[in-house]
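The primary structure of each chain is shown beneath.
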Amino acid sequence: MESISFKVVLVIFLLAVTSDIFREKIPNALSVVGLLMGLVFQSYSSGISGMLSGLGGALCALFIFGTLFRFRWVGGGDVKLMMAVCSFYDPVQALMISALGIAFGAVTSPLIATLRMGWQPLLVTLKRYRMMAAFRTYIAPESSEIAGVRVPYAPALALGWLFYVLQIG
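The structure reproduced in this document is the subject of the present report.

## Topic: helix H3 (residues 76-86)
Quick reminder: α-helices carry 3.6 residues per turn. Residues three or four places apart thus point the same way.
At step 1: Within H3, nine of the eleven residues are buried, leaving the element largely enclosed by the surrounding structure.
At step 2: Turning to H3, the residues buried within the fold contact helix H1 (2-23), helix H2 (28-70), helix H4 (91-117) and helix H6 (154-168).

Here is the structure:
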């Protein structure tokens, strides 16, 4: 059964990453179908306790990514995507997958933004960070730097999940 859930989540992520990169949007239908599939899979493999575990995983993702959404660090599609993915896992696994996705995002987001905008905006962002550290105050990013550009986050979330299932899970 693990192989089936791996393949389903892999397809969900492939569709989400493709959509996020090319359209900058993750379809709601993909997230809803993924969430329902995760809960059905959990119910089939472990009964009511499995369904509750999957629901706990989805709620864990909602709490983590809902908080990040509130601060505008991720988009709403990312929240729903992670709820769908984490419904295939229990809350502890969902926490690990979420943490790894966020960690990969710390690397992929600046990388994607730099690839899109070039090195100069990266240097402007680094200079702003240095000034914030020196003055111990927040300075809002400008649109001319990489911190001010939107980047797809689904690739980072997919890498975090893939690292988890291949190395830890």
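## Observations concerning the environment of Trp161
At step 1: Within the secondary structure, Trp161 is located in helix H6.
At step 2: Classification of Trp161 as buried rests on a relative accessible area of 1%.
At step 3: Placed 123 residues apart in sequence, Trp161 and Gly38 show a C-alpha to C-alpha distance of 15 Å.
At step 4: Each residue touching Trp161, except ones within four places of it in the same chain, is listed here: Phe6, Val9, Leu10, Phe13, Val85, Tyr89 and Ile97.

## Regarding the pattern of salt bridges
At step 1: Across all of its chains, the model carries two salt bridges by this definition.
At step 2: We note a salt bridge from Glu24 to Arg116, for which the minimum N-O separation is 3.6 Å. One end of the pair, Glu24, is in the loop between H1 and H2; the other, Arg116, is in helix H4, and 92 residues separate them in sequence.
At step 3: The exposure class assigned to Glu24 is partly exposed, which follows from its relative accessible area of 42%.

## Here we look at unusual backbone geometry
At step 1: With a phi angle near 65°, Arg72 is a residue other than glycine that sits in the positive phi range.
At step 2: With respect to the secondary-structure elements, Arg72 resides in the loop between H2 and H3.

## Quick look at the environment of Ala58
At step 1: On the secondary structure map, Ala58 appears in helix H2.
At step 2: Between the C-alpha atoms of Ala58 and Ala99, which are 41 residues apart in sequence, the distance is 14 Å.
At step 3: Residue contacts for Ala58: discarding those within four places in its chain leaves Leu35, Met83, Cys86 and Ser87.

Basis of the calculations
- Residues numbered from 1 in each chain as written.
- Predicted model: local features only at pLDDT ≥ 70, side-chain atom pairs only at ≥ 80, totals over all residues.
- Heavy atoms only, no water.
- Buried < 20%, exposed > 50% of the residue type's maximum accessible area, 1.4 Å probe, protein only.
- Helix = DSSP H or I, 4+ residues; strand = E, 2+ residues; numbered from the N terminus.
- Contact = heavy atoms within 4.5 Å.
- Salt bridge = Lys/Arg side-chain N within 4 Å of Asp/Glu carboxyl O.

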